[in-house]
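The lines below spell out each chain.
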Amino acid sequence: DRSRPEPFLLDGQAVVLEDYLAIRPERASDLSARLRTGALEAGPWYVLGDELLPSGEALVRNLLAGRRVLRSLRASPPAVLYCPDSFGHPAALPAIASGFGCPLIVLWRGYGGPRWPDGDTARWHAPDGSGVLLYHLPPDGYETGSHLPADRDRGAGRWASLRATLAPRATTGLALLTAGADHHAPSCDWEAQVDALATAMGEDRLVRSSLERFRAALEECAAARPLPGVAGELRDSYGYTWTLQGTHGVRASLKRRNAQVERLLVRDTEPWVALASRRDGRARRALLDAAWRCVLLCHPHDTLCGCSIDAVAASMATRMDDAASAASALRDDAIESLLGHDAATARDRAAEWEPVVVVRNRAARPRSGVAILEVDVVLADVAVGPGSAGIPVTPRRPGRLSLGAPAALVQEVSRARHLVREESSRHYPRTRLVERRRLLARVDAVPALGMRVIPVREGRRAPAVSDGAAVRATTGLIENEYVRVRVADGGVTLESGDRVIPHWLAFEAEGERGDLYTHSVVPDSRVEARLQRARVTAQGPLRAELTVHWDLRVPARRMRRETGEPYRVPAATIPLRTVLQLDEGAAFVRVLLSGEQRTSDARLRARFRTDVREPHVVADAAFGPVSRAPLHVPADVTMERPAATAPLHRYVSAFDPWRGATLFSDGLTEYEVTPDAVIAVTVVRSVGELSRHDLPERPGHAGYPAETPLAQERGPLAAGFAMMLHGPRSAACVDAIERTADDVLLPLEGCPWRTAIAPPDDVAGVELVGAGLACSAIKPAEDGAWTILRCVNLLDTAVRGAWKMRGVVEARLARLDETPLGALAVETGRVAFEAPPRGIVTILVR
């Protein structure tokens, strides 16, 4: 509306600009002009997303994408991290804000109440010490200034109410009043509303402002007075406004899928793309951006948190599939380039093919150990097209296989037939029927973020697999040199050294009367799964495996819908299967869970008992782990009861002064550590309604009531875990946990390459040196000329580190947003640096 001189804020996100221009492209120049004059404000986020569930790198990609949209319109976002509705905020957010040149964060949920400093302004410090201004919205949040009256008499009453809320909290004498509301268009009577409010203010002064002008004014006011300081996560606004921490367990399968796709992009696509682009000069960043866009469109907090209608969840599932497909294709293309493979040339030289397996190491350190390999044995060609009806597919009998050096001590896992295509840009695809064999092999010295190539020989007997076995299995028992797992007397016992944990693994279900925002347990409804049977399904020598079957019998119960309609949930038996795996040399045991979710209105959890006493909990989070303790909220706080659960990234650890235990998860996002040191992870929290008004944990509707039958999550369920027992928390232990997270979630993997011609022995990648340093990202820079190397110091002390990468001649320290800060010395492909305590270190190289 050209008649409106006031700046209009697009909720801190830029995606709406893309959406608008997709249907009104002719308005691009007008939109650009308004953004550049400040009449319209958008960003810095691409989407106003959840902040506790995405990885730190996903939050960075969100901000990079938002800046990209604004730059395409020759504009810049306000230097404010505007987070008005996210359900809590990570401890690293001040570091992220600083890394994008934002000295101010405006937020609402997760902060406020008697456990925080008084007032609306504080200085928030990240674990790395970086600090930004925090401005906290009033209890009604961004809707405080909605529906202002246009009548002057009513305006006086409204201002008296507003002043009673704003003035006592105005730490700097300055307050932000956002005039608007969720799901509302701008007021048609705006000028009269502003006049009525201004007239009623008396000695107070009303200034029409943009978010950027408010930031400048707040910084000036804050500089003149001391401010309280806060640190750590912001997940506690109990008694001030709803925190809504019960969202982490709903639509668990979609959250798990998001974590897996994020990991695919950050650790298994971007690094290979960056390395390949350095080799062949091909720009692939736009394709990466497109894959990330599919993921980021799933990150608005109501989408990723799962508190949305079923249609939104279905769209998220489709976008995740699109992102995974694009990321996998990009990865495979980059790997082919790094191996020097040209599919079209190879098709014309079939007589020179040397079948191999390419083992890739997705960790930024050299690794040896058990690798999961896939080998294809061609059984027949499959004709396609006109005339193919008369050409039968006659599979030949597959022969023996052996692997050349550096693979040793092979163990077969499975065989299955598949149809595969051999692609070539200048030929029709060729389809073959293959027998795909999954093997385990001991592979040595795979380069850091690099590859080793293993020859495959057909018609030869594989080497013996029984000599020197370091993993053993007998009835009800598997063990290696570090860990022993027993199944006996109806339970599973975990042993390591002199530590024995009986009833280590269990599963439970309890009735659920909550909604997509808040967990609410049906009293006296908890049941525990019964162990039915166990058998050895792999005997080594590289992997021993026990498959354990459980029945979780959920009794019938009566429930009531939000409409008041009573209904009965019938009794159901949920079959569960756990595959317990021990690999040679591994100090952890894997737990692969599968089953069938056959009930409704229930929460199913996996429980892992530890032997830790009075546990101190440390959980992985954005850009490094954080310590967490149970919240103690006064009993008279009735607005919302605190959740006992917390968001889960890759792992959660429990420590006491003598010992520790860490549970790793492949993507489930909610855990609880009980006072007796049981780590419980939500596998399914099935509910059928978006919002209820009658929950004792949160009286009132948190969203619009709607039925959500898909959120019952009936059907197949799956999850992957691993547990490691270790010593008390120390620098060495922190480093070992991070390395084990890579071993669990990013194991050595090998894929077949049947059309190789003179393949290399190995491909060197990038190595990160320094105990306590975790590889965070290796990606093409936004400008296309540099490569980003980013790591995080997980320790509370400074660490001297280095990146090793062939061909590097120039390096610069940079901010998170890739703005160069200063030159770094390069010595024969080695870039040394010092990481400050808990610091995030970003380096540009070329």
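Going by the structure above, here's the rest.
Report follows, based on the coordinates. (Residues numbered from 1 in each chain as written. Predicted model: local features only at pLDDT ≥ 70, side-chain atom pairs only at ≥ 80, totals over all residues. Heavy atoms only, no water.)

With that out of the way, let us pick up the overall build of the protein. Along the backbone of the protein there are 14 helices and 48 strands. Computed over C-alpha atoms, the radius of gyration of the protein comes to 29 Å, within 12% of the 28 Å expected from 2.2 N^0.38 for 846 residues, which places it in the range of a compact globule. In terms of overall dimensions, the protein has a C-alpha envelope of 95 × 60 × 60 Å along the principal axes. Within the span of the protein, comprising 846 residues, buried residues form 57% of the whole. A separation of at least 24 residues holds for 75% of the contacts in the protein among residues at least 6 apart in sequence. Here the protein has roughly 34600 Å² of accessible surface; of this, 51% comes from carbon and sulfur atoms. For the protein, the distance from the average site of its 107 positive side-chain charges to the average site of its 106 negative ones is 5 Å. (Helix = DSSP H or I, 4+ residues; strand = E, 2+ residues; numbered from the N terminus. Rg over C-alpha atoms; globule rule 2.2 N^0.38 Å. Buried < 20%, exposed > 50% of the residue type's maximum accessible area, 1.4 Å probe, protein only. Contact = heavy atoms within 4.5 Å. Areas by Shrake-Rupley, 256 points an atom, 1.4 Å probe, with all protein chains shown as cover. Lys, Arg positive; Asp, Glu negative; His and termini not counted. Charge placed at Lys NZ, Arg CZ, Asp CG, Glu CD.)

To continue, consider the sheet that holds strand β4 (residues 104–107). The strand order across the open sheet formed by five strands is β3-β4-β6-β5-β7, and the pairing between neighbours is mixed. Both outer strands of the open sheet, β3 (80–83) and β7 (229–231), are each paired with one neighbouring strand and no more. Between one strand axis and the next, the sheet turns through 30 degrees on average, direction left out of account. The sheet contact formed by β3 and β4 spans four bridges and is parallel. (Pairing = 2+ DSSP bridges. Axes fitted to C-alpha atoms, helices over the stretch in contact; angles between N-to-C directions.)

Looking now at the pairing of strand β42 (residues 787–793). Most of β42 is tucked away, with seven of its seven residues classed as buried. Every second residue of β42 is oriented toward a common face, with Thr-787, Leu-789, Cys-791 and Asn-793 on one face and Ile-788, Arg-790 and Val-792 on the other, all of them buried. By the bridge criterion, seven bridges tie strand β41 (residues 773–780) to β42 in an arrangement that is antiparallel. Counterpart to Ala-777 in the pairing with β42 is Arg-790. What sits between the antiparallel neighbours β41 and β42 is a turn of six residues, in which Gly-784 has the positive phi angle 80 degrees. As judged from the six bridges shared by β42 and strand β48 (residues 840–845), these two strands associate in the antiparallel manner. Each residue of the ladder has a partner; that of Cys-791, found in β48, is Val-841.

On to helix α9 (residues 270–280). Within α9, eight of the eleven residues are buried, which leaves the element mostly enclosed by the surrounding structure. For α9, every residue scored as buried is listed here: Glu-270, Pro-271, Trp-272, Val-273, Ala-274, Leu-275, Ala-276 and Ser-277. Phi turns positive one or two residues past the end of α9, at Gly-281, with a value near 75 degrees.

The subject of this paragraph is the sheet that holds strand β29 (residues 626–628). Taken in spatial order, the nine strands of this open sheet run β21-β22-β25-β26-β37-β32-β31-β28-β29, and their pairing is antiparallel. Whereas interior strands pair on both sides, the edge strands pair on one side only; in this sheet they are β21 (530–539) and β29. Across the sheet, the mean angle from the axis of one strand to that of its neighbour is 20 degrees, orientation sign disregarded. Where strand β31 (residues 651–655) and strand β32 (residues 660–665) come together, five bridges link them in antiparallel fashion.

Within the largest apolar cluster, 110 residues are counted, with the highest numbers of intra-cluster contacts made by Leu-17, Leu-35, Leu-81, Ile-105, Trp-803 and Phe-833. The greatest single-element share of this core, amounting to ten residues, is contributed by helix α12 (residues 310–338). With sequence-adjacent residues up to four places away left out, Leu-35 is seen in contact with Leu-17, Leu-40, Glu-41, Ala-42, Leu-70, Leu-73 and Ala-75. Core analysis: the next-biggest nonpolar cluster, separate from the first, contains 52 residues, Ala-473, Leu-593, Leu-604 and Val-617 among them. (Core = buried A, V, L, I, M, F, W, Y, C linked by side-chain atoms within 4.5 Å.)

This part takes up the pattern of salt bridges. Inspection of the entire model under this criterion finds 77 salt bridges. The partner of Arg-349 in a salt bridge is Glu-352, and the shortest N-O contact between them spans 2.8 Å. Measuring nitrogen to oxygen at the nearest pair gives 3.4 Å for the salt bridge that ties Arg-362 to Glu-749. In this pair, Arg-362 is assigned in the loop between β8 (356–360) and β9 (367–382) and Glu-749 in strand β38 (residues 749–753), connecting sequence segments 387 residues apart. Relative accessible area serves as the criterion here: at 8%, Arg-362 is assigned to the buried category. Residues joined in a network through salt bridges with shared partners are Arg-68, Arg-285, Asp-289, Lys-779, Glu-782 and Glu-818. (Salt bridge = Lys/Arg side-chain N within 4 Å of Asp/Glu carboxyl O.)

Once that is clear, we can look at empty space enclosed by the protein. A full pass over the atoms with the stated rule returns nine cavities of 30 Å³ or more. Taken as a whole, the largest cavity holds about 580 Å³ of empty space. Lining the largest cavity are 35 residues, and of these Ser-55, Gly-56, Asp-620, His-649 and Arg-650 sit closest to its centre. When residues of the lining of the largest cavity are traced back to their parent elements, those giving at least two are α3 (56–72), α8 (252–268), α14 (731–745) and β41. With seven residues, α8 is the largest single contributor of residues to the lining of the largest cavity. (1 Å grid on protein atoms, 1.4 Å probe; cavity = no way out; pocket = protein on both sides within 12 Å on 5 of 7 lines; lining within 4 Å. Points joined across faces, edges and corners; volume = space filled by probe spheres on them.)

Closest axis-to-axis distance for the helix α1 (residues 15–23)/helix α2 (residues 28–37) pair is 10 Å, and the angle between their directions is 155 degrees. Judged by the inter-axis angle, α1 sits roughly antiparallel to α2. Note on element contacts: α2 touches α1 through Ala-28, Leu-31 and Leu-35, opposite Leu-17, Tyr-20 and Leu-21. A per-class count over the contact of α1 with α2 returns six nonpolar, no polar and no charged. (Parallel < 35°, antiparallel > 145°, perpendicular 65-115°, else oblique. Nonpolar A, V, L, I, M, F, W, Y, C, P; charged D, E, K, R; others polar.)

On the surface, a cluster of negative charge is contributed by Asp-11, Asp-140, Glu-143 and Asp-182. Positionally, Glu-143 belongs in the loop between β6 (131–136) and α5 (152–166). (Patch = residues over 30% accessible without salt bridge, like charges linked within 9 Å, V, L, I, M, F, W, Y side chains within 5 Å.)

Moving on: the pairing of strand β43 (residues 799–805). A large share of β43 lies buried, amounting to five of its seven residues. Taken together, the four bridges between strand β40 (residues 766–769) and β43 define a ladder with antiparallel strand orientation. Bridged to Val-766 within β43 is Met-805. Summarising the sheet, β43 and strand β47 (residues 830–835) pair through six bridges and their orientation is antiparallel. Bridge pairing in β47 places Gly-801 opposite Phe-833.

How two helices sit against one another is set out by the angle between their axes and by the gap between those axes. For the pair α5 and helix α6 (residues 190–200), the least separation of the axes is 8 Å and the interaxial angle reads 65 degrees. In this structure, the crossing between α5 and α6 has a hand that is right-handed. Contacts between α5 and α6 involve Arg-152, Gly-155, Ala-156, Trp-159 and Leu-162 on the former and, on the latter, Ala-196, Leu-197, Thr-199 and Ala-200. Of the residues that constitute the contact of α5 with α6, the class distribution is six nonpolar, two polar and one charged. (Left-handed = near helix turned anticlockwise from the far one by under 90°.)

So, about unusual backbone geometry. Leave glycine aside and you will find that most residues have negative phi; peptide bonds, for their part, are mostly trans. Gly-43 connects to Pro-44 through a cis peptide bond whose omega is 10 degrees. Along the polypeptide, Pro-44 turns up in the loop between β2 (40–41) and α3. Residue His-503 is not a glycine yet carries a positive backbone phi of 50 degrees. Relative to the helices and strands, His-503 resides in the loop between β18 (499–501) and β19 (505–511). Unlike most non-glycine residues, Ala-758 shows phi in positive territory, near 45 degrees. By secondary structure assignment, the location of Ala-758 is in the loop between β38 and β39 (762–763). Overall, Ala-758 belongs to the exposed group, its relative accessible area being 59%.

With that out of the way, let us pick up the packing of aromatic side chains. Across all of its chains, the model carries eight aromatic pairs by this definition. Where Phe-87 meets Tyr-517, the ring centres are 6.5 Å apart and the plane angle is 55 degrees; that geometry is what we call tilted. Linking Phe-87 in the loop between β3 and α4 (93–99) with Tyr-517 in the loop between β19 and β20 (527–528), this pair joins segments that are 430 residues apart in sequence. Across this residue pair, the class does not change: Phe-87 and Tyr-517 are buried. For the pair Tyr-111 and Trp-116, a centre-to-centre distance of 4.9 Å together with 40 degrees between the ring planes defines the contact as tilted. Since its relative accessible area comes to 2%, Tyr-111 is described here as buried. Of the residues examined, Trp-116 reaches a relative accessible area of 15% and is grouped as buried. Grouping aromatic residues by their ring pairs yields a cluster made of Trp-504, Phe-608 and Phe-721. The ring of Trp-108 carries the charged tip of Arg-109 above its face, separated from the ring centre by 4.3 Å. (Phe/Tyr/Trp six-rings, centres within 6.5 Å; stacked < 30°, edge-to-face > 60°. Lys NZ or Arg CZ within 6 Å of the ring centre and 35° of its normal.)

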